[in-house]
Amino acid sequence: MTVDVLIITYPADYGWLERSLRVLAHNLSGYRHIHIVLQGQSEGCALPNVGALPVTFHYAPGWKGQGYHHQQFLKMMADTYTDADIILHSDSDAFFKTPVNVMDFFVGEKPGWLWAFYSDLGNTVPWRVPTKRATGLECTMELMQGFPFFIHRSTYAVAREHMERVHNMPIERYIRAAAERGQTSFSEFNVLGRLAWEYQRDLYGWVDRNREEWPKGFHATRQYWSKAPISDHESEINSMMGAPEDPSSIRCTKMGHWIPAGDTHIGKWGED
């Protein structure tokens, strides 16, 4: 079984992405390859620094004024970017904060999927109606309750075919129309999860996050908000790679080398 990492990103998040990838290189094992989709970018554009990681870049022309929904569409098309058996969805601002293997997110031999009953969530259910609208099915479960997501490659085609059958239109057209209704009009992982539950339930290890023990991998992740200043979290991020908590004594270069802060000899060599 092969597992590839997929990240959708754009230039404003490259600072976060470069740090996230350095932490991934230090802490995540068991994956085969990383695929980075550059949203709204074309060949010849500046690329994020990925060091020596096994990365393939893909270019995805954007949807003007609909970037949020465009990245959701790209995730619904994840199986067109890799032939991996399982696709691990991560983000520019998502970090594997301690050493972890991809299998630590599995339940037995099945990728874990954390969920919660909507009845447990009170009024915080913004995705229930959009997911019911998108799938045409009753929705009793919120399926974005644990990050990252590990999804069988077959699930994407199942979801697209279902939606196209229900709405009699290509999924791209549906999501573009959803964008016109506002920010909370579509939820890619809720749709994928609801249709996986409907048609492929035996492929996943479903975990009620409020009543059942989580696979240990989900305790090893940390997601920030990429609109926040990276400097607010630099010390914590550095510590994920074993650096001292005091950022004044040591720093990380763009190439991922730890060097003494303020040093003008070893430090200069480390920057090369």
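Look above for the structure.
Go over the side chain of S187, please, and point to the residues and values.
Structurally, the position occupied by S187 is in the loop between α5 (171–181) and α6 (188–199). Under the relative-accessibility criterion, S187 is labelled buried at 1%. Once residues lying within four places of it in the same chain are set aside, the contact partners of S187 are Q72, W127, T131 and M144.

Explain the sheet that holds strand β4 (residues 55–60) residue by residue, including any values.
Taken in spatial order, the five strands of this open sheet run β4-β3-β1-β5-β11, and their pairing is mixed. At either margin of the open sheet sits one strand with a lone partner, and together these are β4 and β11 (149–152). Between one strand axis and the next, the sheet turns through 25° on average, direction left out of account. As defined by bridge partners, strand β1 (residues 3–9) adjoins strand β3 (residues 33–39) across six bridges and the pair is classed as parallel.

Tell me about the pairing of β11, and name the residues and values.
Burial along β11 is two-sided: the face carrying F149 and I151 and the face carrying F150 and H152 are both buried. In the sheet, strand β5 (residues 86–90) pairs with β11 via four bridges, with the strands oriented antiparallel. Within the sheet, the bridge partner assigned to I87 lies in β11 and is I151.

Which residues make up the packing of aromatic side chains, and what are the values?
Centre distance and the angle of the planes are the two values used to describe a pair of aromatic rings. If you walk through the whole model with that rule in mind, you get 17 aromatic pairs. The interplanar angle of 85° and the centroid separation of 5.2 Å between the aromatic rings of F105 and F218 together place this pair among those described as edge-to-face. Here F105 is found in the loop between β7 (100–101) and β8 (106–107), whereas its partner F218 is found in the loop between β12 (205–208) and β13 (221–223), with 113 residues between them in sequence. F218 matches F105 in its accessibility class, with the two residues each being buried. Pairwise contacts between aromatic rings join W113, F147, F149, F189, W197, Y204 and W206 into one cluster. Cation over ring: R176 sits above W63, and NZ or CZ is 4.2 Å from the ring centre. Across the ring face of W197, the terminal group of R201 is positioned such that the distance to the ring centre comes to 4.0 Å.

Rules used in this analysis
Residues numbered from 1 in each chain as written. Predicted model: local features only at pLDDT ≥ 70, side-chain atom pairs only at ≥ 80, totals over all residues. Heavy atoms only, no water. Helix = DSSP H or I, 4+ residues; strand = E, 2+ residues; numbered from the N terminus. Buried < 20%, exposed > 50% of the residue type's maximum accessible area, 1.4 Å probe, protein only. Contact = heavy atoms within 4.5 Å. Pairing = 2+ DSSP bridges. Axes fitted to C-alpha atoms, helices over the stretch in contact; angles between N-to-C directions. Phe/Tyr/Trp six-rings, centres within 6.5 Å; stacked < 30°, edge-to-face > 60°. Lys NZ or Arg CZ within 6 Å of the ring centre and 35° of its normal.

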